[in-house]
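Reading the structure
The residues making up each chain are set out below.
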Amino acid sequence: YELAMERLSGKDPKMKETQLSEEVKSKIAEVRKEYEAKIAEREIMFKSKVSDLGREVVGPEFMLRRQEMEQEHQRSISVLKVTMEEKIGKIREAG
């Protein structure tokens, strides 16, 4: 019920996006595509680094270092997502 009311009142971000011009929608899609590619690239690099680490280190040290790498990776992905949302917000405001 609340979701339906939000959509009717225009507060739902998904509904707002349908009210945007095609040019703005295109710019938003371009930003999303760019950042999804960056995130995918980071995922590939992370998996490669973990694989390399597995060949160099074993046992508890591997688990510790992998956990540290995972935390850094998650921070990196979070920064990219925040940056993407900020850019999309600016596009919406300008549109």
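All residue numbers refer to positions counted from 1 along the written sequence of the respective chain. Residue-level local features of this predicted model are given only where pLDDT is at least 70; pairs of side-chain atoms are given and counted only at 80 or more, and the full residue set underlies all totals for whole chains, interfaces and linings. The side-chain numbers reported here are obtained from all heavy atoms of the structure, hydrogens and water having been left aside.

1. Description of the overall build of the protein
Numbered from the N terminus, helices here are DSSP runs of H or I no shorter than four residues, and strands are runs of E no shorter than two. Within the protein, the regular secondary structure consists of four helices and zero strands. Counting helices and strands in the order they occur from the N terminus, the protein gives α-α-α-α. Residue burial in the protein is summarised as follows: out of 95 residues, 21% are buried. Whether two residues touch is decided by their heavy atoms; if any such pair falls within 4.5 Å, the residues are in contact. When contacts within the protein are restricted to residue pairs at least 6 apart in sequence, long-range pairs at least 24 apart make up 59% of them. Burial classes follow relative accessibility: with a 1.4 Å probe on protein chains only, a residue under 20% of its type's maximum area counts as buried, one over 50% as exposed, and anything between as partly exposed.

2. Quick word on the environment of Lys-81
Take Lys-81: it is sitting in helix H4 (residues 59-94). Remark: the alpha-carbon pair of Lys-81 and Glu-36, spanning 45 residues in sequence, is separated by 8.7 Å.

3. Structural notes on the environment of Ala-29
With respect to the helices and strands, the residue Ala-29 is situated in helix H3 (residues 22-56). Assessed through its relative accessible area of 43%, Ala-29 is described here as partly exposed. Sequence separation between Ala-29 and Ile-88 is 59 residues, and the spatial gap between their C-alpha atoms is 9.0 Å.

4. Some points on the packing of aromatic side chains
Working definition: an aromatic ring pair is given by the centre-to-centre distance plus the angle between the planes. Each Phe, Tyr or Trp ring (for Trp, its six-membered ring) is paired with any other whose centre lies within 6.5 Å, and the angle between the two planes then decides the class: stacked below 30 degrees, edge-to-face above 60, tilted in between. Within this structure, the stated rule accounts for zero aromatic pairs. Only when the NZ atom of a Lys or the CZ atom of an Arg is both within 6 Å of the ring centre and within 35 degrees of the ring normal do we say a charge sits over the ring. A cation sits over an aromatic face here: Lys-38 above Tyr-35, 4.6 Å from the ring centre.

5. Brief notes about the packing of H3 against H4
Their axes nearest at 10 Å, the elements H3 and H4 cross at an angle of 175 degrees. Classified by the angle their axes make, H3 and H4 are roughly antiparallel. Any residue outside Ala, Val, Leu, Ile, Met, Phe, Trp, Tyr, Cys, Pro, Asp, Glu, Lys and Arg is labelled polar, Gly included; the first ten of those are nonpolar and the last four are charged. Here the residues of the contact of H3 with H4 are counted per class, giving 15 nonpolar, four polar and 13 charged. The angle between two axes is taken between their N-to-C directions and runs from 0 to 180 degrees, where each axis is a line fitted to C-alpha atoms and a helix contributes only its stretch in contact. Reported orientations rely on four angle classes, namely roughly parallel under 35 degrees, roughly antiparallel over 145, roughly perpendicular from 65 to 115, and oblique for the rest.

6. Topic: the pattern of salt bridges
Salt-bridge detection follows one rule: a side-chain nitrogen of Lys or Arg within 4 Å of a carboxyl oxygen of Asp or Glu. With the rule as written, the count across this model stands at seven salt bridges. With a closest N to O distance of 3.7 Å, Lys-25 and Glu-22 form a salt bridge. Of this pair, Lys-25 and Glu-22 both sit in helix H3, three residues apart, roughly one helical turn.

7. Some thoughts on the nonpolar core
Buried Ala, Val, Leu, Ile, Met, Phe, Trp, Tyr and Cys residues form a nonpolar core when they are joined through side-chain atoms within 4.5 Å. In this structure, Leu-20, Val-24, Ile-28, Val-31, Tyr-35, Ile-39, Ile-77, Leu-80, Met-84, Ile-88 and Ile-91 together form the largest nonpolar core, which totals eleven residues. Elements represented by at least two residues in this core include exactly H3 and H4. Once you skip the residues sitting within four places of it in the chain, Tyr-35 turns out to touch Leu-80, Thr-83, Met-84 and Lys-87. Formed by five residues, the second largest nonpolar core is a distinct cluster that contains Phe-46, Val-50, Leu-53 and Val-57.

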